[in-house]
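Close look at the chain arrangement
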Amino acid sequence: MTDIRELNATALESHLGELCRILIDSVSDGAAISFMAPLAQHEAEHFWMNEVRPSIERGGRQLFGAFVDDKLIGTVQLVIALPPNQPHRAEISKMVVHPDGRRHGLGKALMSAALDAAKHAGKALVTLDTRTGDVSENLYRGVGFEQAGIIPDFAFDPDGAARHATTYMYRYL
């Protein structure tokens, strides 16, 4: 059974091992989510505890988890605290499903939860960026995102062998 839950700072801590596993295994599998492979456990822990958790505690970010049979298998973040001239906008960050859990609708379920939360927070526009040509582009298009533009050579692939372009996307709520 699949269950999408919002994870507060306490829940983040209690699921830290699973969160790190999702991140490490996804980067190892080639996910372009800002990290280089191999991603060390302490780097993953630092990300969750020192970057994501404080933002959740301040109310600037929401973290959603996809659970299958009570096991955390995917996450997405909704960044709601943006600059003062962008109160109408939210941003999707780190949409990640563990390699073993892909192609089962978890990404779509996570995105639906994040978009519902954005709407509930009074946001009118949601943006994101993704590696150009990545399978995630189809997911984002499938939940209503449109392409805004592409920036070439935006970031390195996790293995450091090549740079890839990124596609910026948006969706009105």
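As a reminder, the structure under discussion sits directly above these lines.
The present account deals with the structure reproduced in this document. (Residues numbered from 1 in each chain as written. Predicted model: local features only at pLDDT ≥ 70, side-chain atom pairs only at ≥ 80, totals over all residues. Heavy atoms only, no water.)

1. Overview of the overall build of the protein chain
When its secondary structure is counted, the protein chain shows five helices and seven strands. Along the chain direction, N to C, the helices and strands of the protein chain fall in the order β-α-α-α-β-β-β-α-β-α-β-β. Relative to the globule expectation of 16 Å for 173 residues, the C-alpha radius of gyration of the protein chain, 15 Å, shows essentially globular dimensions. Taken along the three principal axes of its C-alpha coordinates, the protein chain extends 40 × 35 × 30 Å. Considering the protein chain as a whole, with its 173 residues, one finds that 46% of them fall into the buried category. Nonlocal contacts in the protein chain, meaning residues at least 24 apart in sequence, comprise 60% of its contacts between residues at least 6 apart. In the protein chain, which carries 17 positive and 22 negative side-chain charges, the distance between the mean positions of the two groups comes to 5 Å. (Helix = DSSP H or I, 4+ residues; strand = E, 2+ residues; numbered from the N terminus. Rg over C-alpha atoms; globule rule 2.2 N^0.38 Å. Buried < 20%, exposed > 50% of the residue type's maximum accessible area, 1.4 Å probe, protein only. Contact = heavy atoms within 4.5 Å. Lys, Arg positive; Asp, Glu negative; His and termini not counted. Charge placed at Lys NZ, Arg CZ, Asp CG, Glu CD.)

2. Some points on the pattern of salt bridges
On inspection of all chains with the given rule, the structure shows ten salt bridges. Note that R53 is salt-bridged to E57, the shortest N-O span being 3.3 Å. With R53 and E57 both in helix α3 (residues 41–57), this residue pair falls four residues apart, about one helical turn. A salt bridge links E137 to R141; the nearest nitrogen and oxygen atoms lie 3.2 Å apart. One end of the pair, E137, and the other, R141, are both in helix α5 (residues 136–142), four residues apart, so they sit about a helical turn from each other. Of the residues examined, E137 reaches a relative accessible area of 8% and is grouped as buried. Accessibility expressed as a relative area gives 38% for R141, which makes it partly exposed. Among the ionic contacts, a cluster of salt bridges with common partners joins D3, R5 and D70. (Salt bridge = Lys/Arg side-chain N within 4 Å of Asp/Glu carboxyl O.)

3. Comments concerning the layout of surface pockets
Here the largest pocket is characterised by a volume of approximately 1,000 Å³. Among the elements that line the lining of the largest pocket, the one with the most residues is strand β4 (residues 89–97), at eight residues. Of the residues in the lining of the largest pocket, the class split is 18 nonpolar, 13 polar and ten charged. (1 Å grid on protein atoms, 1.4 Å probe; cavity = no way out; pocket = protein on both sides within 12 Å on 5 of 7 lines; lining within 4 Å. Points joined across faces, edges and corners; volume = space filled by probe spheres on them. Nonpolar A, V, L, I, M, F, W, Y, C, P; charged D, E, K, R; others polar.)

4. A few points about the side chain of T127
As for its placement among the helices and strands, T127 is situated in strand β5 (residues 125–131). Given the relative accessible area of 15%, T127 is considered buried.

5. Quick word on unusual backbone geometry
Peptide bonds are trans in most cases, and residues, glycine excluded, mostly fall at negative phi. Omega for the bond connecting A37 with P38 falls within 30 degrees of zero, at -5 degrees, which places this linkage in the cis form. Secondary-structure assignment places P38 in the loop between α2 (16–28) and α3. Of note in this structure, R103 is not a glycine but carries a positive phi near 70 degrees. Residue R103 is classed as exposed on the basis of its relative accessible area of 79%.

Everything listed here is a matter of coordinates, which is why it stays silent on function.
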